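# Summary of structural features
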Amino acid sequence: MPIDETFLAQQSPEEPGSKPQEKKVNRSKPPSVWRRFGLQFGIAAVGLLIWTMFLVAAPVVFTKPAIYLAFASTTPLFLIIALGLTFVIITGEIDLSFPAVMALSMVAFTWVFESGGYLGVAFLAAIVTGAIAGAFNGYLVAKMGIPAVVITIGTSFLFRGLGLAAMAGTGFPLTDSALDPLRQILVGRIWLGIPMQFVWVIVIAVLLWFLLNRTRFGSHVFLIGDNAISAKLMGVNLMWTKIGVFMLVGVMAGFAGLIASFEVSYFWPTLGEGTLLNTIAAVFVGGTSPFGGAGSIFGTLIGGFIIGSLNAGIVSAGINAFWTQVVFGLVIVLSLIMQVVIQNRVRN
Amino acid sequence: MNDTDVVTPVIELRNVSKAFGEVKSLRDINFHLNPGEIVGLLGDNGAGKSTLIKTIMGFYAPDPGGEIYFKGNLLTDWSVHKARQIGIETVYQERALCEQQSIWRNMFLGRELRNKFGLLDVSGMRAEASRLMSEHMGFTSTAVHPDNTVLTMSGGEKQGVAITRALYFQAEVVILDEPTMGLSLTETKKTLNFIRSIKDHGKSAIFIDHNIFHVYPVVDRIIVLDRGAIAADVTKEDISIESLMDGLQSVARTGSWSA
């Protein structure tokens, strides 16, 4: 049969005797879809696997929409920030201060709102506060050259402390009916009870995909994370790109702070505590390289929903809640191992 | 004297020094590069060659007192981005590639093409990279895909990307920092032919290499650096390759030029 012959002809160079030739044949093909998006396939497969496991373990829960609506309302609270954090991690940096920025942004919101400002202005105040906090982080990292992991611990205390001091430790109820329009936009329920924050996650993911893959800024994010010296030698502005990625996380933290507060109609100055590890885990489970230079918005999106579904999934699957942390840890560790294995395979 | 007789150098350095803390990498360099001229820059490791070209490129700022002129204009607020904008391209010793990224991203590193909406013109860059690779790098259109990562290429192919990148942007001045390092014989020949072609196009180049048998045939003038200062500046007509070798040896031994 002719098909078999061509198949054999293609197979023959892969004999161990003619190894260099095989390498050349390999290179002569444009990179396969697997080569280029292997990691994304891997993440999607992990997501499907976990979902199937839940489906088998607790079919009553996972065949009804209620659990998915619950995921859709809780996951965005940290996933929105994770999408922004993907940029920071691709440049090879890290931000640990975003939980505190969530609260600080809300302080700005309540101040403007309480002093009789327009709702839109109060919203902008929260976003701008996030941007300024991010720019401060970025400046300290990019201009002063302080390692991000250290300095953002410092700014984290600073932002959290400012927030607590400004609120004198008390909360702020967001039940005023004047807030309703914004509540509807941020966390309202639409068709089939789908929460607005889920819509926002998708909208932000699409926008950030364009920012990462179709703008100079996004290009420079990849190039700096890959090889900062090379990027600098070729005239890429390291400082502004890095300040930019930190500002992006700040803005996302401000937005997520609003959503998280409006979801419970109350602003606690401790807002954001407990989101740190989920958010970072979402980015790494999503296949963004811990070495910088590689990562994807799609991966973080899937990673976020994997992280977001684990807790509820494990409990409803009837596993003792004490085991949730173990499963959580296993998923993260295995994801990182998978990432390194796939990357090595793609390289060779 | 007629003004038109005086050739304005493309690049001129006046009293340029560069110190890194206690280490004086460059000491009072006076250097010029004329249009259509290829200058070979020789010198031992640590003589200041790389510092000199990184200063010309705007990567380092010269110490106060030093001045850089481009076509007779004093440059202030000098940066790599500006240098590339006015047409100075460099093929760095370290190649300046981002290896996890695709070939097209590396070709357009720092100068990404954009469409009318300000978004990246990805298909345009892919097509252009593909064309450059087949026309200038000798790859058949299917040999290496522009979406391949640089990681998968050989040393010569990587150098090809760095050189093609410099060529693509129609540079006035091309600076090559040890471009033949780690290349095979045929790849070296290709690179030397490329350097000759720069002159044929009326552009200028600075060529740095340890191998004077590579440098001598293609250059018009040779500058020898020693411990951050210019030890010799001779045109090729004035020196044979033998006396050049003697001169370099005397610089290495005694620190002074005698050819």
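Residues numbered from 1 in each chain as written. Chains lettered and ligands numbered in written order. Predicted model: local features only at pLDDT ≥ 70, side-chain atom pairs only at ≥ 80, totals over all residues. Heavy atoms only, no water.

This next bit is on the overall build of chain B. Looking only at helices and strands, chain B has eight helices and ten strands in total. Computed over C-alpha atoms, the radius of gyration of chain B comes to 19 Å, within 12% of the 18 Å expected from 2.2 N^0.38 for 259 residues, which places it in the range of a compact globule. Its C-alpha atoms give chain B principal-axis dimensions of roughly 55 × 45 × 40 Å. Within chain B, the proportion of its 259 residues that are buried is 51%. Pairs at least 24 apart in sequence give 64% of the contacts found in chain B among residues at least 6 apart. Entry remark: accessible area of chain B is about 11500 Å², with carbon and sulfur atoms responsible for 50%. (Helix = DSSP H or I, 4+ residues; strand = E, 2+ residues; numbered from the N terminus. Rg over C-alpha atoms; globule rule 2.2 N^0.38 Å. Buried < 20%, exposed > 50% of the residue type's maximum accessible area, 1.4 Å probe, protein only. Contact = heavy atoms within 4.5 Å. Areas by Shrake-Rupley, 256 points an atom, 1.4 Å probe, with all protein chains shown as cover.)

Further remarks concern the overall build of chain A. For chain A, the helix and strand inventory stands at 17 helices and two strands. Within chain A, buried positions represent 49% of all 348 residues. If you take every contact in chain A between residues at least 6 apart in sequence, the share linking residues at least 24 apart comes to 75%. Here chain A displays about 16500 Å² of accessible surface, and carbon together with sulfur accounts for 71% of that area.

Counting residues at the interface gives 29 residues for chain A, matched by 34 residues for chain B. Here chain A meets chain B over a buried area of about 2900 Å², counting both sides, of which 56% is carbon and sulfur. Our enumeration of links across chain A and chain B arrives at one salt bridge. A salt bridge links R216 of chain A to E112 of chain B; its shortest N-O distance comes to 3.9 Å. Counting across the chain A and chain B interface gives 13 residue pairs in polar contact (both at pLDDT 80 or more). (Buried area = accessible area lost by both parts, 1.4 Å probe. Salt bridge = Lys/Arg side-chain N within 4 Å of Asp/Glu carboxyl O. Polar contact = N/O pair within 3.5 Å; in protein donor to acceptor, adjacent residues only side chain to side chain.)

Let us now look at a nonpolar patch on the surface. On the surface, I319, F322, W323, V326, L330, V333, L334, I337 and V341 of chain A cluster together into a nonpolar patch covering about 910 Å² of accessible area. With respect to the helices and strands, V341 of chain A occurs in helix α17 (residues 324–347). (Patch = residues over 30% accessible without salt bridge, like charges linked within 9 Å, V, L, I, M, F, W, Y side chains within 5 Å.)

For any part of a model where pLDDT is low, the fine detail of the predicted coordinates should not be relied upon. Residue and element names in this part refer to chain A. Per-residue pLDDT for chain A averages 83, and the proportion of residues at 70 or more is 89%. The spread of mean pLDDT over the elements of chain A runs between helix α1 (residues 2–11), the lowest at 36, and helix α6 (residues 76–90), the highest at 94. With pLDDT under 50 throughout, residues 1–28 is counted as low confidence; its partners more than four residues away or in other chains account for eleven contacts. (pLDDT = per-residue confidence, 0-100.)

Residue and element names in this part refer to chain A. Their axes nearest at 9 Å, the elements helix α11 (residues 196–213) and helix α16 (residues 297–316) cross at an angle of 155 degrees. Here α11 is positioned roughly antiparallel relative to α16, judged by the angle of their axes. Contacts between α11 and α16 involve F198, V201, A205, L208, W209 and L212 from the former and I297, L301 and F305 from the latter. Considered class by class, the residues forming the contact of α11 with α16 number nine nonpolar, no polar and no charged. (Axes fitted to C-alpha atoms, helices over the stretch in contact; angles between N-to-C directions. Parallel < 35°, antiparallel > 145°, perpendicular 65-115°, else oblique. Nonpolar A, V, L, I, M, F, W, Y, C, P; charged D, E, K, R; others polar.)

Moving on, we come to the pairing of strand β2 (residues 23–33) of chain B. Residue and element names in this part refer to chain B. Relative to β2, strand β1 (residues 11–20) is paired through seven bridges, and the arrangement is antiparallel. Along β2, the bridge assignment pairs L13 with F31. Following β1, the chain reverses through two residues before pairing antiparallel with β2; G21 in that reversal takes a positive phi of roughly 65 degrees. (Pairing = 2+ DSSP bridges.)

Let us now look at the confidence of the model for chain B. Averaged over every residue, the pLDDT of chain B is 81; the share at 70 or more is 94%. Among the scores for the predicted complex, ipTM is 0.76 and pTM is 0.81.

Attention now moves to helix α5 (residues 155–168) of chain B. The α-helix advances 3.6 residues per turn, and as a result positions three or four apart in sequence lie on the same side. Between the first and last C-alpha of α5 of chain B there are 20 Å, a value that for 14 residues agrees with the 20 Å anticipated at 1.5 Å per step. Immediately beyond the C-terminal end of α5 of chain B, within one or two residues, lies Q170 of chain B, with a positive phi of roughly 55 degrees. (Expected span 1.5 Å × (residues − 1).)

Time to look at the packing of aromatic side chains. Tallied over the entire structure, the rule returns 15 aromatic pairs over all chains. Taking 5.0 Å as the distance between ring centres and 70 degrees as the angle between the ring planes, the aromatic pair formed by F20 of chain B and Y60 of chain B counts as edge-to-face. With F20 of chain B in strand β1 and Y60 of chain B in the loop between α1 (49–56) and β4 (67–70), this residue pair connects regions lying 40 residues apart in the sequence. The exposure class of F20 of chain B is partly exposed, given its relative accessible area of 35%. The exposure class assigned to Y60 of chain B is partly exposed, which follows from its relative accessible area of 24%. By the ring-pair criterion, three or more aromatic residues cluster together here, those being F54, F62, Y68 and F71 of chain A. The ring of Y69 of chain B carries R14 of chain B above its face, with NZ or CZ at 4.1 Å from the centroid. (Phe/Tyr/Trp six-rings, centres within 6.5 Å; stacked < 30°, edge-to-face > 60°. Lys NZ or Arg CZ within 6 Å of the ring centre and 35° of its normal.)

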